Every structure is written in structure tokens, then in C-alpha cells.
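Structure assessment
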Amino acid sequence: MVTLTLLASLTAAGYATWYLILCYASPFGRCRRCKGAGQRPGLIIRRLTRECRHCATTGKRVRVGRRLIEHIRTEYRAGNQ
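Residues numbered from 1 in each chain as written. Predicted model: local features only at pLDDT ≥ 70, side-chain atom pairs only at ≥ 80, totals over all residues. Heavy atoms only, no water.

**Quick notes on the pattern of salt bridges**
Tallied over the entire structure, the rule returns two salt bridges. The closest approach of N and O atoms between Glu70 and Arg66, which form a salt bridge, is 3.3 Å. On the criterion of helical spacing, the pair formed by Glu70 and Arg66 is a turn pair, its members being four residues apart in helix H2 (residues 64–79). For Glu70, a relative accessible area of 30% puts it in the partly exposed group. Classification of Arg66 by relative accessible area gives buried; the value is 17%. As a salt-bridge pair, Glu70 and Arg73 come within 3.3 Å of each other at their nearest N and O atoms. Here the residue Glu70 and the residue Arg73 both occupy positions in helix H2, the gap between them amounting to three residues, near one helical turn. By relative accessible area, which is 26% here, Arg73 ends up partly exposed. (Salt bridge = Lys/Arg side-chain N within 4 Å of Asp/Glu carboxyl O. Helix = DSSP H or I, 4+ residues; strand = E, 2+ residues; numbered from the N terminus. Buried < 20%, exposed > 50% of the residue type's maximum accessible area, 1.4 Å probe, protein only.)

Written as C-alpha cells, this is what we have:
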């Protein structure tokens, strides 16, 4: 049972490390709302598109992990002054 718990915790730690490296190297990801297109289908007529307000029509948004990294960095710098 101990080995299964150890394996699960190492897997979770490995995934978290991989995600933080990904967020540091590539801070932007696809917008979930428009799926990276920058436009969303209209409400009544689906062929007419409208701009995605969440990503400002770029199709990219800052990843949650990158926001966490920036928050930790800001708090660290504020504490060292």
C-alpha cells in the first residue's frame, strides 16, 4: 500500500512540475471560450460570428499556472523591499 501511495504522489508531483515548466516557457494557451479562433458563433444565427470578449479576439489567454507564478513572484518581491 505504501508503494502505491508513493507512486501516486510522485506522479502528481511530476505532473505539477511539468505544468509549471510549461507555464513558464509558454505563458499563453488557447482560449477555452472560442477554442482559439477569436470569434464565437452568434446567438440566434450561428453562421454570423461575434468577437470573443474573453481573449479580445486573439484566441490566446494567460494560463492559470502563469498567473500563479506571477503572483508568487510579486509577493516575493514585495516582501524583500
